[in-house]
Amino acid sequence: MFSIGEFASIGRVSVRMLRHYDEIGLLTPARVDPFTGYRSYAGSQFEVLGRILMFKDLGFRLDEVTQIVHGQVGVDRLREMLAAKRDDVARRLDLDAARLRRIDARLSDTEGISMITVDTKALPSTRIAVVTETAAGFGPQNIGPVIGPMYARLAQTLARHGVAFGPSSIAMYEAVDDGDGTGITVHAAFEVGPEVVSGEGYEVRELPPVELAVTTVHHGSMATIGETWEQFTAWIEANGYELSGICREYYLVSEPQPQENWVTELQQPVVRRQDA
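Quick caveat: nothing in here was measured; it's all calculated off a predicted structure.

All right, on to the overall build of the protein then. Looking only at helices and strands, the protein has seven helices and 12 strands in total. Its C-alpha atoms give the protein a radius of gyration of 27 Å, more than 25% over the compact-globule value 19 Å for 276 residues. In terms of overall dimensions, the protein has a C-alpha envelope of 80 × 50 × 35 Å along the principal axes. Counting every position in the protein, which comprises 276 residues, the buried fraction comes to 36%. Sequence-distant contacts, at least 24 apart, represent 67% of the contacts inside the protein between residues at least 6 apart. For the protein, the exposed surface amounts to about 16300 Å²; the carbon and sulfur share of it is 53%. Separation of charge centres in the protein, based on 26 positive and 38 negative side chains, amounts to 7 Å.

A separate point is the packing of aromatic side chains. This structure, assessed with the given rule, holds 10 aromatic pairs. Measuring from ring centre to ring centre gives 6.0 Å for Phe-55 and Phe-60, while their planes differ by 70°; the resulting arrangement is edge-to-face. Comparing Phe-55 with Phe-60 shows no difference in burial state: the two are buried. Here Trp-229 and Phe-232 contribute two aromatic rings whose centre-to-centre distance is 5.6 Å and whose plane-to-plane angle is 50°, an arrangement assigned as tilted. Of this pair, Trp-229 and Phe-232 both sit in helix H7 (residues 225-238), three residues apart, which is roughly one turn of the helix. A network of ring pairs unites the aromatic residues Tyr-151, Phe-165, Phe-190, Tyr-251 and Trp-262 as a single cluster. Here Lys-85 stacks its cationic end above the ring of Phe-60, 5.2 Å away from the centre of that ring. Lying over the aromatic face of Tyr-241, Arg-272 brings its terminal NZ or CZ to 4.3 Å of the ring centre.

If you look at the biggest cluster of nonpolar residues, it comprises 34 residues, and the most contacted ones within it are Ile-147, Tyr-173 and Tyr-202. Where this core is concerned, the elements lending two or more residues are strand S5 (126-135), helix H6 (140-160), strand S6 (165-177), strand S7 (182-192), H7 and strand S12 (263-272). A per-element tally of this core places H6 first, with seven residues. Leaving out residues up to four positions away in the same chain, Tyr-202 has contacts with Ala-129, Val-130, Val-131, Leu-154, Thr-157, Leu-158, His-161, Val-163 and Val-197. Judged by nonpolar contacts, the second largest core, of 18 residues, contains Leu-26, Leu-27, Phe-60 and Val-73.

Quick notes on the rules
- Residues numbered from 1 in each chain as written.
- Predicted model: local features only at pLDDT ≥ 70, side-chain atom pairs only at ≥ 80, totals over all residues.
- Heavy atoms only, no water.
- Helix = DSSP H or I, 4+ residues; strand = E, 2+ residues; numbered from the N terminus.
- Rg over C-alpha atoms; globule rule 2.2 N^0.38 Å.
- Buried < 20%, exposed > 50% of the residue type's maximum accessible area, 1.4 Å probe, protein only.
- Contact = heavy atoms within 4.5 Å.
- Areas by Shrake-Rupley, 256 points an atom, 1.4 Å probe, with all protein chains shown as cover.
- Lys, Arg positive; Asp, Glu negative; His and termini not counted.
- Charge placed at Lys NZ, Arg CZ, Asp CG, Glu CD.
- Phe/Tyr/Trp six-rings, centres within 6.5 Å; stacked < 30°, edge-to-face > 60°.
- Lys NZ or Arg CZ within 6 Å of the ring centre and 35° of its normal.
- Core = buried A, V, L, I, M, F, W, Y, C linked by side-chain atoms within 4.5 Å.

Here is the structure:
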């Protein structure tokens, strides 16, 4: 038997961590002295501790680790959990790689900022077929996994109904209070002809004309479009405009082209600020 201090030292964990594992039922001592409360561990428990640390290192929560090491998870379910964890790690690596490229771009920019060109214009009315879902928030990590499948599903649905659409597509985003924090309503749409009406799996609506909008063009991946939006909204504020309607992303060049070749026009309805 090993005292808690000896077990912690050999197992390369802290005594505090072992006490916490005991409290949550993850790794209980082999023996607890009824008079002193001293915890003692068996040598066979080093293997259990090793499994705990291994699955914890893979990113599993302690409640998940408890189920795994206590044999409450079958082989098939464990494979599913590992596959899901792998997908999550791969997604975060992609986001980190995109962030690294943005940092490199900043390092190569002697002024530290990217300049954008902004135009003002009216937007015509546009007839669209649209589907709507909700994302947890703004940013490519939240919107990307939602909006990509939306376009694929909408395209398949329209094709199945024999509806001609495109070639350009439109995305619109609205911040909404979903009762559990701020969510984002995501609209994915294709332009359609005046003869098209709503059908199963999609809605047809008319985007009204906009008297005044400011626009700019983003070139490249959706991973960096947030930076263009930040510069765009800063320009709007600095030049005496106020937001007046839902922002739009008008995809001039998109799939099947690789994202580095995409061309997206950012459109924001505005009005002149009264004090401008």
